[in-house]
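What the coordinates show
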Amino acid sequence: MSRILQQAIQARRRLLSPSIFHTQNAWKKSQPNHQQISLRYHGGPKVDPSTPTVNITFHDPKLADTPTKTVEARVGESLLQTAHRHHIDLEGACEGVCACSTCHVILSDDVFDSLPEASEDEEDMLDMAFGLSATSRLGCQVIVTDEMEGMEVNLPAATRNFYVDGHVPQPH
């Protein structure tokens, strides 16, 4: 087993109990050779319901009657979690662990430029996304901040789910 993999396993054991499964992309351990290991757990960051919120507008071209929906997003949760809480059709087949491209979103240039750079894992998953654009990101990897007040998120016209056609995962 490689030294980096051993360090990742040890870091996971120190930071979290095995029964906790949520995405924490922000928890990264720097390695001596300057590589970083991201720990991701199912469901996204755990955010208290009393956390401050910002208004985010989702645009879904698949909905003819009401293609636009403005919702309150909790600061600290992912865009995928926000979408699921408000019954917006953003799939997330991998449950938010950056292992698919079904939570692909398209952002405006200014919002895209304000975000931290996408990880190599995220970029690899985006390569499989339907309707990829220069400002595409995965909703499970974009964490809501105070600065996102009024942000607009565009959903692509379709997704590619390699799991099973028609399978729609249910959030826990």
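The text that follows walks through the structure, step by step, so that each part is easy to find. What you see as residue numbers is a count from 1 along each chain, following the sequence as written. Only residues with pLDDT of 70 or above have their local features reported here, since the model is predicted, and side-chain atom pairs are shown and tallied only from 80 upward, although totals for entire chains, interfaces and linings are computed over all residues. Based on all heavy atoms of the structure, the side-chain values leave hydrogens and waters out of the count.

1. Points about the overall build of the chain
Inclusion rule: Each helix is a run of H or I in the DSSP string that is no shorter than four residues. Each strand is a run of E no shorter than two, and both are numbered from the N terminus. Buried, partly exposed and exposed residues are distinguished by accessible area as a fraction of the type maximum, computed with a 1.4 Å probe on protein chains only: under 20%, between the cut-offs, and over 50%, respectively. Only heavy atoms matter for contacts: two residues are in contact if any of them lie within 4.5 Å across the pair. Surface accessibility in these figures is a Shrake-Rupley result with a 1.4 Å probe; residues are shielded only by whichever protein chains are displayed.
Within the chain, the regular secondary structure consists of four helices and seven strands. Counting from the amino terminus, the chain carries its helices and strands in the arrangement α-β-β-β-β-α-β-α-α-β-β. When each of the 172 residues of the chain is scored for burial, the buried share is 42%. Of all intrachain contacts in the chain linking residues separated by at least 6 positions in sequence, the fraction that spans at least 24 positions is 59%. Counting every atom, the chain has about 9800 Å² of accessible surface; 52% of that belongs to carbon and sulfur.

2. Details of the sheet that holds strand β3 (residues 53-59)
Selection criterion: For two strands to pair, DSSP has to find at least two bridges joining them. Axes, fitted as lines to C-alpha atoms, cover a helix only where it is in contact. Angles between the N-to-C directions of the axes lie from 0 to 180 degrees.
The strand order across the open sheet formed by five strands is β4-β3-β7-β5-β6, and the pairing between neighbours is mixed. Bordering the open sheet on either side are β4 (68-74) and β6 (136-138), each of which pairs with just one other strand. Recorded for the sheet is a direction-independent mean angle of 40 degrees between the axes of neighbouring strands. Across three bridges, the pairing between strand β5 (residues 104-107) and β6 is antiparallel. Bridging from a neighbouring strand, His104 pairs with Leu138 of β6.

3. Here's the deal with the pairing of β3
Walk down a regular strand and you will see the side chains alternate between the two sheet faces. Bridge analysis of β3 against β4 gives seven bridges, and the strand direction is antiparallel. If you follow Phe58 over to β4, its bridge partner there is Lys69. Bridge count between β3 and strand β7 (residues 151-154): four bridges; the pairing is parallel. Counterpart to Phe58 in the pairing with β7 is Val153.

4. Structural notes on the pattern of salt bridges
We apply this condition: Salt bridges are identified by distance alone: a Lys or Arg side-chain nitrogen within 4 Å of an Asp or Glu carboxyl oxygen.
Counted under the stated rule, the structure contains three salt bridges. The salt bridge involving Glu77 is made with Arg85; its shortest N-O contact spans 2.9 Å. Between Glu122 and Arg137 there is a salt bridge, and its shortest N-O distance comes to 2.8 Å. Residue Glu122 is found in helix α4 (residues 120-126), and its partner Arg137 is found in strand β6; the two are separated by 15 residues along the sequence.

5. Quick look at the state of the cysteines
Note the following rule: Pairs of cysteine sulfur atoms within 2.5 Å are identified as disulfides in what follows.
As enumerated under the stated definition, the model contains zero disulfides in all. Counting only cysteine sulfurs, Cys100 is the nearest neighbor of Cys94, a cysteine outside any disulfide, at a range of 3.6 Å. When its relative accessible area of 12% is taken as the criterion, Cys94 is described as buried. You can see Cys103 has no disulfide; the closest cysteine sulfur is in Cys140, sitting 3.7 Å from it. Relative accessible area serves as the criterion here: at 1%, Cys103 is assigned to the buried category.

These results come straight from atomic positions and should not be treated as a statement about function.
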